[in-house]
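# Residue-level structural notes
Next come the chains, spelled out residue by residue.
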Amino acid sequence: MKKEPPKKEVSKGSVSAAPPEKTAGKAPEKPKGAPRRGKEQIVYIKLDDLHAFKNHPFEVRDDEEMRAMVSSVKDKGVTQPAIVRPREDGGYEIVSGHRRQKASELAGYADMPCIVRNLTDDEAITQMVEDNLNQREEILPSERAKALKMQLEAIKHQGSRTSGQIDPKDAGKRSNEIVAERNKMAVKQVQRYIRLNELVPDLMKLMDEKKLGFTTAVELSYISKKNQNYIAVAVDSQQSSPSQAQAKRMRELDEKKLLNGDVIDGIMMEDKKEVDKVILTGAELGKYFGKETTPREMKDQIIKLLDDWKGQQKAQEKPDKKAEKEK
């Protein structure tokens, strides 16, 4: 028979005397490190070995923002590594960092810091879109439209698989809801941007140049491509863009198969007959007001500024009239 180990004597009152938090016998947990994406390290890759992302929707423009980036790279180097993935044909595909690559090139560098990740096509598209939409200050409507469409299709593709690539927190949500949440947009706004991909190139260009309003462009995107081209020609010849109401009428006529080049010209010319009507688009007013300013607030502010200007004009006229009388 095995001998029982001798029982330790416990003095009376020793258990009750212990503080409540120590009765469980658990030591306080030490702080945990935040989750990390495996063992990633920063490596310097030659610029010649870095290739643009396939069908990259964001243009690398030689603008004021790029010149500022080049100046920063010359002064401090590239402070945020690019995200790249290996290519089957050799070299690396840039997922996030196209402008940093261009800035490094213009600054005279031969390489730049990168983090290499083995990403699937869908994962790469999702990260590319989110990084660019969150980091770029100036994004054209056409760029946002193409990027959101790419991300939506990638998420749909991920959801159709059984490999569990979709984030568990997104389970049960529609693809456009996931896109909206990730880009801090309303679902309806995402749908409108994606709809813009149905515009013909000439109308898309007019929208990017702020010669065509966003809501008007969405209406025109539902019109057949043939008639969209007629509209683009009419805008160019008349140097005037359709209003939202005109775009809506043209869409309705197109659905009834009643829209053609002559009808489009007639609708577009209506605006020119209204001599006393002055139209300022949201894009034009956006240069002077914040994004949160409502149309009513814009109108009130414009009228106030005009009243102030008119008052200044009258104040200047009085001394002039007085001087003329003295003559």
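Let us look at the structure shown here. (Residues numbered from 1 in each chain as written. Predicted model: local features only at pLDDT ≥ 70, side-chain atom pairs only at ≥ 80, totals over all residues. Heavy atoms only, no water.)

It is worth spelling out the overall build of the chain at this point. Regarding its fold elements, the chain presents 14 helices and five strands. For the chain, the proportion of its 327 residues judged to be buried stands at 33%. Taking contacts inside the chain between residues at least 6 apart in sequence as the whole, the part at least 24 apart equals 71%. As displayed, the chain has an accessible area near 23,100 Å², and 50% of this comes from carbon and sulfur atoms. (Helix = DSSP H or I, 4+ residues; strand = E, 2+ residues; numbered from the N terminus. Buried < 20%, exposed > 50% of the residue type's maximum accessible area, 1.4 Å probe, protein only. Contact = heavy atoms within 4.5 Å. Areas by Shrake-Rupley, 256 points an atom, 1.4 Å probe, with all protein chains shown as cover.)

Taken as a whole and judged by the stated rule, the model has one cavity of 30 Å³ or more. Approximately 70 Å³ is the volume found for the largest cavity. Along its surface, the largest cavity is lined by E59, V60, R61, D63, E65, M66, R99, R136 and E138. Broken down by class, the residue content of the lining of the largest cavity amounts to two nonpolar, no polar and seven charged. (1 Å grid on protein atoms, 1.4 Å probe; cavity = no way out; pocket = protein on both sides within 12 Å on 5 of 7 lines; lining within 4 Å. Points joined across faces, edges and corners; volume = space filled by probe spheres on them. Nonpolar A, V, L, I, M, F, W, Y, C, P; charged D, E, K, R; others polar.)

Glancing now at the pattern of salt bridges. In this structure the tally under the stated criterion is 15 salt bridges. Of the charged contacts in the structure, one is a salt bridge between D63 and R61, with a shortest N-O distance of 3.9 Å. Owing to a relative accessible area of 23%, D63 belongs among the partly exposed residues under this scheme. In this structure, the salt-bridge partner of R85 is D121, at a minimum N-O distance of 2.9 Å. Placement of R85 in strand β3 (residues 82-86) and of D121 in helix α4 (residues 121-135) is noted, with a sequence separation of 36 residues between them. (Salt bridge = Lys/Arg side-chain N within 4 Å of Asp/Glu carboxyl O.)

If you walk through the whole model with that rule in mind, you get one aromatic pair. Ring centres 4.8 Å apart and planes at 50° place the aromatic pair Y193 and F214 in the tilted group. Remark: F214 occurs in helix α9 (residues 214-220) and Y193 occurs in helix α7 (residues 187-195); sequence separation between them is 21 residues. Of note, R195 hangs over the ring of Y222, and the distance from its end group to the ring centre comes to 4.0 Å. One Lys or Arg, R251, reaches over the ring of Y222 and ends 3.8 Å from the middle of that ring. (Phe/Tyr/Trp six-rings, centres within 6.5 Å; stacked < 30°, edge-to-face > 60°. Lys NZ or Arg CZ within 6 Å of the ring centre and 35° of its normal.)

On the secondary structure map, S224 appears in the loop between α9 and α10 (225-238). Take S224: its relative accessible area is 31%, and that puts it in the partly exposed class.

Attention now goes to the sheet that holds strand β5 (residues 111-116). Hydrogen bonds between backbone groups are what pair the strands of a sheet, and the pairing can be parallel or antiparallel. Taken in spatial order, the five strands make up an open sheet running β1-β5-β3-β4-β2, and their pairing is mixed. In the strand order of this sheet, the two ends are held by β1 (42-46) and β2 (50-51), each with one partner. This element, helix α3 (residues 98-106), spans β2, β3, β4 (92-96) and β5 of the sheet and lies at about 115° to β4. (Pairing = 2+ DSSP bridges. Axes fitted to C-alpha atoms, helices over the stretch in contact; angles between N-to-C directions.)

Here the focus is the pairing of β3. With four of five residues buried, β3 is to be regarded as a mostly interior element. As defined by bridge partners, β3 adjoins β5 across three bridges and the pair is classed as parallel. Within β5, the residue paired with A82 across the bridge is C114. Judged from the four bridges that link them, β3 and β4 form a sheet pairing that is antiparallel.

What follows concerns the packing of helix α8 (residues 201-208) against α10. Close contact between α8 and α10 brings their axes to 8 Å; oriented N to C, the two are set at 50°. Here α10 runs oblique to α8, going by the angle between their axes. Contacts between α8 and α10 involve D202, L203 and L206 from the former and Q228, I231, A232 and V235 from the latter. Among the residues making up the contact of α8 with α10, the classes are represented as five nonpolar, one polar and one charged. (Parallel < 35°, antiparallel > 145°, perpendicular 65-115°, else oblique.)

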